[in-house]
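Next come the chains, spelled out residue by residue.
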Amino acid sequence: MHTPIYFDYNATTPIDPRVLEGMLPYLQNHFGNPSSTYSIGYRAKEAIEIARKDIANLIGVEDGNIFFTSGGSEANSTILKGIAAKSSKKKHIITSSIEHPAILKTCDYLRKHHGFQITTIPVNSAGIVDVNDIERAITSQTVLVTVMMVNNEIGSIQPIKEIGNLCKKHNIHFHCDAVQAVGKIPVNLKELPIDSLSMSAHKIYGPKGVGCLYLHEGVNIPPLILGGSQEFGMRSGTENVAGIVGFGIAAKIVQEDLYFNLTKTEYLRNLFLTNLHAEIEDCLINGDIHANVPSTINIQFSGIRGESLASMLNELGICVSIASACSSTSSKLSHVLKAIGKTDEEIRSSIRISIGALTTEDEINQLVRHLKQSVMRLRSFSPKYQMSI
Amino acid sequence: MFNDIICDHFMNPRNIGELTDADYVIEISNPICGDTVHMYLKLNQEVISDVAYRAYGCSTSIATASIVSEKIVGMSKAEISSITRDDVVEWLGELEPSQLHCVDIALNILNQCANPTKKKFEQKEFLVEGEGAF
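Residues numbered from 1 in each chain as written. Chains lettered and ligands numbered in written order. Predicted model: local features only at pLDDT ≥ 70, side-chain atom pairs only at ≥ 80, totals over all residues. Heavy atoms only, no water.

## So, the overall build of chain A
The line we're drawing: Here a strand is any run of E in DSSP of at least two residues, a helix any run of H or I of at least four, and the numbering for each starts at the N terminus. Here the globule rule reads 2.2 Å times residues to the power 0.38, and the radius of gyration is calculated from C-alpha atoms. Only protein chains enter the calculation, and the probe is 1.4 Å; a residue is then buried if its accessible area is under 20% of its type maximum, exposed if over 50%, and partly exposed in between. Here, residues are in contact when the closest pair of their heavy atoms is within 4.5 Å. Using a 1.4 Å probe, the Shrake-Rupley method yields the accessible areas, and only the shown protein chains count as cover for residues. In this tally, Asp and Glu contribute negative charge and Lys and Arg positive charge; neither His nor the terminal groups of the chain are included. Each charge is placed at NZ for Lys, CZ for Arg, CG for Asp and CD for Glu.
Scanning chain A from terminus to terminus reveals 12 helices and 13 strands. For chain A, whose C-alpha radius of gyration is 22 Å, the value lies close to the compact-globule estimate of 21 Å for 389 residues. Overall, chain A is about 70 × 55 × 35 Å in size when its C-alpha atoms are taken along their principal axes. When burial is assessed residue by residue, chain A has 59% of its 389 residues classed as buried. Expressed as a percentage of contacts within chain A between residues at least 6 apart in sequence, the contacts between residues at least 24 apart total 73%. Summed over its atoms, the accessible surface of chain A is roughly 16,100 Å², and 53% of this surface lies on carbon and sulfur atoms. The distance from the centre of the 36 positive side-chain charges to the centre of the 37 negative ones in chain A is 6 Å.

## Let's talk about the state of the cysteines
To keep things clear, this is the line we draw: Any pair of cysteine sulfurs within 2.5 Å is marked as a disulfide.
This structure, assessed with the given rule, holds 0 disulfides over all chains. Unpaired in this structure, Cys107 of chain A has its nearest cysteine sulfur neighbour in Cys167 of chain A, at a distance of 13 Å. Cys107 of chain A sits in the buried class, given a relative accessible area of 2%. The closest cysteine sulfur to the non-disulfide-bonded Cys319 of chain A is located on Cys7 of chain B, 14 Å from its own sulfur.

## Observations regarding the packing of helix H1 (residues 17–27) of chain A against helix H7 (residues 241–279) of chain A
Residues and elements named next belong to chain A. Threshold: Each axis is a line fitted through C-alpha atoms, and for a helix only the stretch in contact is used; angles between axes span 0 to 180 degrees, taken between their N-to-C directions. In what follows, roughly perpendicular refers to angles from 65 to 115 degrees, roughly parallel to angles under 35, roughly antiparallel to angles over 145, and oblique to any angle outside these ranges. In this scheme the handedness of a crossing depends on how the near helix is turned from the far one: anticlockwise by less than a right angle means left-handed, clockwise means right-handed. In this count, Pro and Cys sit with the nonpolar residues alongside Ala, Val, Leu, Ile, Met, Phe, Trp and Tyr, while Asp, Glu, Lys and Arg are called charged and the others, Gly among them, polar.
At their nearest, the axes of H1 and H7 sit 8 Å apart, and the two run at 160° to each other. On the basis of their axis angle, the class for H1 and H7 is roughly antiparallel. Here H1 runs over H7; the crossing is right-handed. Residue-level inspection shows Arg18, Val19, Gly22, Met23, Tyr26 and Leu27 of H1 in contact with H7, the latter providing Val241, Ala242, Gly243, Val245, Gly246, Ile249, Ala250, Ile253 and Asp257. A breakdown of the residues in the contact of H1 with H7 according to their chemical character gives 10 nonpolar, 3 polar and 2 charged.

## As for the interface of chain A and chain B
Many structure descriptions define interface size as the accessible area lost when the parts assemble. What counts here: When two parts are put together, the accessible area they lose, computed with a 1.4 Å probe and summed over both, is reported as buried area. Salt bridge, as used here, is a side-chain nitrogen of Lys or Arg placed within 4 Å of a carboxyl oxygen of Asp or Glu. In the analysis that follows, any N or O atom pair within 3.5 Å is treated as a polar contact, provided that within protein one partner can donate a hydrogen and the other can accept it, and provided that, for residues neighboring in sequence, both atoms belong to side chains.
Taken together, the 27 residues of chain A in the interface contact 29 residues of chain B. In this assembly, chain A packs against chain B so that about 2,400 Å² is buried in total across both faces, 60% of it on carbon and sulfur atoms. Inspection of the region where chain A meets chain B yields 1 salt bridge. With a shortest N-O distance of 3.0 Å, Arg305 of chain A and Asp35 of chain B are connected by a salt bridge. Joining chain A to chain B, the criterion identifies 8 residue pairs in polar contact (both at pLDDT 80 or more). Those elements giving two or more residues to the side of chain A that touches chain B turn out to be helix H8 (306–315), helix H10 (344–348), helix H11 (361–381) and helix H12 (383–388) of chain A. It is H8 of chain A that contributes the most residues to the side of chain A that touches chain B, 6 residues altogether.

In short, geometric facts, not functional conclusions.
Written out as structure tokens, the structure reads:
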């Protein structure tokens, strides 16, 4: 079987060989517990601190403000639950309708179990929140605003600087889930007024099972996980040393390659869109490509299902993701596409293509060729498409 | 993901198309997920002599229509009536939970094939998907 052609970099990325090479010694010889006082333990501790510096450097912060976690979801839960635990009086959180479930479900948990009121700000058809809507939602009870930097499904970039300034003005904690932004666009916290930020290693060619939470100087929250006081007491549990080392190397690489990859991705996206529109009729981009990171393209193909298109592409060796799980209920439709005003039928006919550092021009050409073939074939089966033409 | 039977019928569906001289047409629509099958039947003395269909839906539902279309050719309406859920489960092979609704799609198709009434599509209307359907 041929190696699949991968267009799902938003879901996860393949590990960079340099990352793997850097991690291996910490899975083999340097296996010590970083809390131990002998040399192999110290060596592991030292490696963690190097990684911390490289990750801090990637987002322009001090290394002492980075706390390693098991991933983006844990980082998001840590800050949301932490802020909530500290706030005995103010019980209002503002978020957006297109956040990742790691945020939305935690908000829902705080609503159900801790009496928080959650205001979910809608987005426009491009998938962008209006800062004025956030300002209007702020009350004397608002303790936290949490908005993602880049949406995972359609790639829309949020006005983070403006939201941050607004929160600063009202003295409200601003958390940003930047899992889909870091490594794709410049993220420099020297220029962005963010109080806390989440990142994940496996979205930037690092290993799965590791991420981090950045906390601005002076932000104090109780930890989510208690125990041995690792990570300055913020996250107990023996560190995932090899994972953290890999995360650090991955951060360094994406920082070095950021502008090259951004330019290349933009070129490949444009090539894809030009060929797509030339080759396939009746397809529509969800969201606004001008408001998006170039690596994410969400498209609907009328008259067919995204699920069957993705399945056919899979059989042809191409990996893409869908906006709706194959299900006989409507509850599994993408909440992001719903939020930008798409109908259930449009959501069901959509797929997401995400481009990454390893994507080549040849792969884009193969994708368009196979897409055309699959879309035409499925439309030839479909009574729905026959009727609409 | 998909068992070999579903995969084969999805990638190579049998009997896709329309019959211009169909004796009956049947129309299956799942109001919740929107899966739709339009099937054309040609009968020779109560026996299905030819079948064609078009399908809109998930890959498993397209494969399901193909499997059913292949099975029913040569069967009488009475024979189709005697097909059980267990038979259908066996035809479709092992399904994941999200694909199980296709057993009901198959049974719906079979039920209508056993008692076809419509001579032609009246409007070929699709049920509205989503909340409007409830």
